[in-house]
2 protein chains.
Amino acid sequence: MDSKKDLRTITRKDIAIEAGVTETIVSYVINGNRYVKEEKRKKVEEAIARLNYRPNTMARALKGKKSNHILFIADDIKGEYFGKLISEIDTLAYTEDYFITLCADHQDEDFVNRIYSKFFDGIVIGSASFPLYNIQRLIDAHIPIVLLEIRDYSSITGVYGLINTGLYEGSRRVVRTLYERGKRKLLFLDRISSSGVWSNLDDWRLKGFTDQCSVYNLEPVIVSGCSSEDELSAKLFDLLSSGYVPDGIFGRNDQIALVGMQACQKMGYKVPQDIAVIGFDNTRLCRFSSPTLTSVEIEQKEVARCVMEMMMSLIDNSSSFEKRLEVYLDTKMVMRESV
Amino acid sequence: MDSKKDLRTITRKDIAIEAGVTETIVSYVINGNRYVKEEKRKKVEEAIARLNYRPNTMARALKGKKSNHILFIADDIKGEYFGKLISEIDTLAYTEDYFITLCADHQDEDFVNRIYSKFFDGIVIGSASFPLYNIQRLIDAHIPIVLLEIRDYSSITGVYGLINTGLYEGSRRVVRTLYERGKRKLLFLDRISSSGVWSNLDDWRLKGFTDQCSVYNLEPVIVSGCSSEDELSAKLFDLLSSGYVPDGIFGRNDQIALVGMQACQKMGYKVPQDIAVIGFDNTRLCRFSSPTLTSVEIEQKEVARCVMEMMMSLIDNSSSFEKRLEVYLDTKMVMRESV
DNA sequence: CTGAAAGCGCTTACAG
DNA sequence: CTGAAAGCGCTTACAG
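Because the structure is a prediction, the values reported are computed rather than measured. (Residues numbered from 1 in each chain as written. Chains lettered and ligands numbered in written order. Predicted model: local features only at pLDDT ≥ 70, side-chain atom pairs only at ≥ 80, totals over all residues. Heavy atoms only, no water.)

Observations concerning the protein's contact with DNA strand D
Filter applied, for reference: When at least one non-hydrogen atom of a residue lies within 4 Å of a molecule or strand, that residue is treated as near it. Nitrogen and oxygen atoms within 3.5 Å of one another constitute a polar contact, given that in protein one can donate a hydrogen and the other can accept it, and given that sequence-neighbouring residues count only through two side-chain atoms. Helical segments are the DSSP runs of H or I of at least four residues, strand segments are the runs of E of at least two, and each set is numbered from the N terminus. Ten residue types, Ala, Val, Leu, Ile, Met, Phe, Trp, Tyr, Cys and Pro, are classed as nonpolar, four, Asp, Glu, Lys and Arg, as charged, and the remainder, Gly among them, as polar.
A:R12, A:Y28, A:R60, B:T22 and B:K63 are the nearest of the 26 residues found near DNA strand D. When atoms of DNA strand D within 4 Å of the protein are sorted by moiety, sugar and phosphate together comprise 48%. Interatomic distance of 2.7 Å between a side-chain N/O atom of A:S27 and a phosphate oxygen of DNA strand D. Among the elements of the structure, α2 (23–31) and α4 (57–62) of chain A together with α2 (23–31) of chain B are those that each provide at least two residues to the surface near DNA strand D. Per element, the largest residue contribution to the surface near DNA strand D is four residues, and it comes from α2(A). Of the residues belonging to the surface near DNA strand D, the class tally is nine nonpolar, eight polar and nine charged.

With respect to helix α3 (residues 38–51) of chain A
In an α-helix, one full turn covers 3.6 residues, which means residues spaced three or four apart are oriented alike. Residues and elements named next belong to chain A. Applicable threshold: The span one expects for a helix is its residue count, reduced by one, times 1.5 Å. Relative accessible area decides the class of each residue, using a 1.4 Å probe on protein chains only: under 20% of the type maximum gives buried, over 50% gives exposed, and in between gives partly exposed. Starting at the helix axis, one direction is taken to each C-beta atom, and the arc is that of these directions. We call two residues in contact when some of their heavy atoms are within 4.5 Å.
Over its 14 residues, α3 runs 20 Å from end to end, which matches the ideal 20 Å to within 8%, given 1.5 Å per residue. Within α3 the residues assigned to the buried category are R41, V44, A47, I48 and L51. Taken around the axis of α3, the buried residues stretch over an arc of 130°, which confines them to a single face. Residues E39 and A49 are exposed on α3 and point more than 90 degrees away from its buried face. Those residues of α3 that are buried are in contact with α1 (12–19) and α2. Count one or two residues on from α3 and you reach N52, which has phi positive near 60°.

Side note on the protein's contact with DNA strand C
Lining the immediate environment of DNA strand C, one finds 25 residues, of which A:T22, A:K63, B:R12, B:Y28 and B:R60 sit closest. Between A:T22 and DNA strand C, the recorded distance is 2.6 Å, taken from a side-chain N or O atom to a phosphate oxygen. B:N56 has a polar backbone atom sitting 3.2 Å from a phosphate oxygen of DNA strand C. Among the secondary structure elements, those contributing two or more residues to the surface near DNA strand C are α2 of chain A together with α2 and α4 (57–62) of chain B. Among the residues making up the surface near DNA strand C, the classes are represented as eight nonpolar, eight polar and nine charged.

A word on the nonpolar core
Here is the rule: The term nonpolar core refers to a set of buried residues drawn from Ala, Val, Leu, Ile, Met, Phe, Trp, Tyr and Cys, joined through side-chain atoms within 4.5 Å.
Judged by nonpolar contacts, the single largest core of 104 residues is most densely connected at A:F72, A:L85, A:I163, B:I70, B:F72, B:L85 and B:I163. When near neighbours in sequence (up to four residues on either side) are disregarded, B:I70 contacts B:Y98, B:F99, B:I100, B:T101, B:F120, B:G122, B:V124, B:M308, B:M311, B:M312 and B:I315. Ranked by size, the runner-up nonpolar core spans 54 residues in total, among them A:F111, B:M58, B:A141 and B:L162.

Topic: the relation of the copies chain B and chain A
For clarity, the threshold we go by: A residue counts toward the fit only if its pLDDT is at least 70 in both copies, and the copies are then superposed by least squares on the C-alpha atoms of those residues.
The operation relating chain B to chain A is a screw motion whose rotation component is 180°, with 0.0 Å of axial translation and a residual RMSD of 0.1 Å. Read as a symmetry element, the transformation amounts to a two-fold axis. Scanning chain B for the C-alpha nearest the rotation axis identifies B:T101, at a separation of 1.9 Å. When the interface residues of chain B are mapped onto chain A, 100% of them again fall at the interface, so both copies present the same face.

Thoughts on the packing of aromatic side chains
Here is the rule we go by: Centres within 6.5 Å are what make two rings of Phe, Tyr or Trp a pair, Trp counting through its six-membered ring; a difference in plane orientation under 30 degrees is then read as stacked, over 60 as edge-to-face, and the rest as tilted. Ring-over charges, as used throughout, are those where CZ of Arg or NZ of Lys falls within 6 Å of the ring centre and within 35 degrees of the ring normal.
Summed over the entire model, instances satisfying the criterion amount to 25 aromatic pairs over all chains. Ring centres of A:Y94 and B:F111 lie 5.8 Å apart, and the angle between their planes is 65°; on these two criteria the pair is classed as edge-to-face. With A:Y94 in helix α5 (residues 80–95) and B:F111 in helix α6 (residues 111–115), this residue pair bridges two chains. As far as the burial class goes, A:Y94 and B:F111 line up, both buried. Counting every residue linked through ring pairs, the aromatic cluster contains A:F99, A:F119, A:F120, B:F99, B:F119 and B:F120. Over the face of the ring belonging to B:Y94 we find A:R114, whose NZ or CZ atom lies 3.7 Å from the ring centre. Here the guanidinium or amino end of B:R34 rests over the ring plane of B:Y28, the centre of that ring lying 4.0 Å away.

Comments concerning the environment of B:E299
Residue and element names in this part refer to chain B. If you trace the backbone, E299 turns up in the loop between β10 (294–298) and α13 (300–317). A relative accessible area of 36% means that E299 is categorised as partly exposed. Along the chain, E299 and N282 lie 17 residues apart, while their C-alpha atoms are 9.9 Å from each other. Excluding anything up to four places from it in sequence, E299 contacts D330 and K332.

Side note on the sheet that holds strand β10 (residues 294–298) of chain A
Residues and elements named next belong to chain A. Keep this limit in mind: Strand pairing is defined by DSSP finding a minimum of two bridges between the two strands. To obtain each axis, a line is fitted to C-alpha atoms, and for helices this fit is confined to the stretch in contact; angles are then taken between N-to-C directions over 0 to 180 degrees.
The strand order β7-β6-β8-β9-β10-β12 describes an open sheet built from six strands, whose pairing is mixed. Here the strands that pair on one side only, and so sit at the sheet edges, are β7 (221–223) and β12 (331–334). If you compare each strand with its neighbour and ignore which way they point, the axes differ by 20° on average. In the sheet, strand β8 (residues 248–251) pairs with strand β9 (residues 276–280) via three bridges, with the strands oriented parallel. From the neighbouring strand, F250 faces β9, where its bridge partner is I278. Against the sheet, helix α9 (residues 204–215) engages β6 (186–189), β7, β8 and β9, with an angle of about 170° to β6.

Let's talk about the pattern of salt bridges
Applicable threshold: A pairing counts as a salt bridge when a side-chain nitrogen of Lys or Arg comes within 4 Å of a carboxyl oxygen of Asp or Glu.
According to the stated counting rule, one finds 35 salt bridges over all chains in the structure shown. Note that B:D97 and A:R114 form a salt bridge whose closest N and O atoms lie 2.9 Å from each other. Of the two residues, B:D97 is situated in the loop between α5 (80–95) and β2 (99–104) and A:R114 in helix α6 (residues 111–115); the pairing between them involves two chains. Judged by its relative accessible area of 29%, B:D97 falls in the partly exposed class. Measuring nitrogen to oxygen at the nearest pair gives 4.0 Å for the salt bridge that ties B:E46 to B:R50. In this pair, B:E46 and B:R50 both sit in helix α3 (residues 38–51), four residues apart, roughly one turn of the helix. Judged by relative accessible area, B:E46 falls into the partly exposed class, the value being 40%. Residue class for B:R50 comes out partly exposed when judged on its relative accessible area of 40%. Within the structure, one salt-bridge network assembled from shared partners comprises A:R54, A:D97, B:D110 and B:R114.

With respect to the interface of chain B and chain A
As a reminder, the rule being used: Summed over both partners, buried area is the accessible surface (1.4 Å probe) that two parts give up on being assembled.
On the side of chain A, 61 residues touch chain B, which itself brings 61 residues to the contact. Taken over both partners, the interface formed by chain B and chain A buries close to 6100 Å², and the fraction arising from carbon and sulfur atoms is 59%. Among the secondary structure elements, those contributing two or more residues to the side of chain B that touches chain A are α4, β1 (69–74), α5, β2, α6, α7 (132–140), α11 (254–266) and α12 (285–288) of chain B. Ranked by residues supplied to the side of chain B that touches chain A, first place goes to α5(B) with seven residues.

Shown next, in the form of C-alpha cells:
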C-alpha cells in the first residue's frame, strides 16, 4: 500500500511510531515551541512528509489553537462583486492555510448563536443588514471581526477591523461627475430586495449621493422599495410618464443602473444625451451593454488583501490592539459611453 | 448579566449545573439516543434554551459525529453561475444546520491532503479541472462526494453522487437550434483561462457541440487556448480576417459568447442576421447586451436541491448505498434576439 | 532536555 | 433506568 495514494486518517500516533519517538515530541516539532534534538526533529519531519500527515484541526482547535476557518457573511452572495472578492480572499487564505466559509446573512435570532461556536477564528461581515447589535456582541465576545464598511459603523466600539472601501467618496464623485456634465435632475436607484431590506442614510452609497447633492443644492429623487427588476422598471415608467424626467441616473449597482437605462431607452430617451447613467461595482455587465456603462470600481484585490491582513493581525495579536484598525481605500471611476 | 445578550462559551457542564442533572443526561437529551425521564428532559431543554447552548461542533466531530461543514470546490468562484448556485445551496444548507465552505480548485498536490482532514462531512466538486485521480482517492476514503457533471466522470467507481446538469444535451440543442435557422459554419468559443486549463472532449459542452455537429456532417471550428478576453477578440479578428466567417457562434458561457459577439459586430457583421450567437448559463449579461443574448439555462434551484439532497443521503446513510446516485436534469433554452 | 499526564468538550459502551 | 469512565486527537503545564 502506497501511503501517498491511499487516503486514511494519519494521527500523531502514527507519526510517533514511524519516527520512533514519543507523541509529545511530535507535537513539539509541529508547534515549534520547544527545543527538540536535531536528529529526532529530522525523523519526525520525514515521517510527516512520508505519511502526508496533517494534525487534526478540530483536536487542535479544541485545545485552544486556531481552527483555520474564517466565516464570511455576505448579503449578496449571488452578486458578481462578492464573487470576485471571495475569489481573491480565497487565494490569499489558501496560502495562509485558511478556509473560507461563506454564509448569507440570515435574519433569525439564532444566527448569531450559530456562528458563535468557537468554530471560526474570525468573521468578515460584508452585509448592510447584519444588526449592529449583534456585531457588537461578537466583538464583545472577542471574536476577531473585520467589517466591510457598507454602512456607517461608527457606533461600534471595541477592537475590530474596519475597511472603508470608498463607497462614500465614490458616490460623491458620481454626483460630481454628473454635475460637471451639466446634469441637475438626479435620480438614485436603490437596491432591489426581495427580503424587504432597502437603504437608509446609514448606507454609504446613498449618503454619499445625497450629501453631494446637498453641496450643489440639488433636489434628487430616490427610487426605493422595489423587490424585482420588473417592479423597478414599472416604477420608472410611472415616474417618467408623470412628467419627472431625470437627466442623470446613479444606480446602486451596475445591474440596477442598467435596468434604469433600459427603461429610459424604451421610453425613447437617449443615453447619455438625454439621461446619463452611472453604475457601481464595474462588473462585466458594464462592458456588454449599449451604450457601455460608466461605473465606479472598488479595488477588490486591495480589499481582499486588507481583509486578510487585518484578520491575520486580529487573530494573531488581538490582545495587543487597543482600538479598531482602519483602512481607507479609493475607488476609481471607469468612464464608458453612458456618460 | 443577561445571558441572552452576553456571548460567552456555554458548555455542557453549564447546562448540567443549570438543569441540576449529570452531564451525561445532557448529552443523551441532545442526541436523543436514550430514554431520559420526562422531568429531567424538560429541565435540560429549558436550560439549553435559556443559556442559548449549542454543543461544541468540534468536540462532537472529534467523537465521530458530523462537523456540519460541507466543502464546495469550484473552478470559477467568480462566475455568476456559481454565485447563484452557492446562494441556493447556502439557503438549503442553513435550514439543515450546515455550513458551506467555498474553495477554489487549487492545483498543488497538497490540496487533497488539506481537504481530507476529517473536517468536512462531505465535498461537492464543481470543477472541470480537479484531477479524476484525486476524486477517486476521496471516494475510496469514504468521504461523501457529490460531483457536478461538468465533464465525463464515467470512469469514477464506488459510491458517490453525480448530478448531470444537462450540459451535453443543452449543447446539442444549441447546435440543433442554429442548424434549424440555416446556420452551417459553426464556431465554438472555449473558456478563457489564465491558468491554462482548456476543454477537451471530456467536457460535456464541447462534446455535445462536436457530437451534434457530426450528426449534421458539419465541420465546426473551435477557438481555444485564450487567457484573456482581449486575446480571444484578437484571435477572432485574425480568424475572420483570414476569410473564415462563421454564421453561428456558441460560447461556452455568456461572457465568452458576448466577447465573440462584440468582436463580430466590430468587424461589421450583424447579429443575428450574419452571425447568430448563443451563450450558456443565462446570466444577467444576456439581458443587457444588444442584441440580447439567447442562452441555455441550467436550473440552479433544482441543481442546488439535488446537491443537498444527495449529500444528506450520502452523509446519513452512506453505508446503505451500493453504487453511485445519479440524477439527470434538463436545461432550457431562453430565446432572445441574438438568434 | 524530555516524558507522562491532565484536559479541551464532547459521545457512548460499560457497569451498575 | 442512569452514572462514572474511557477516549476522540491533540497541546502544554508539570514534574522529572
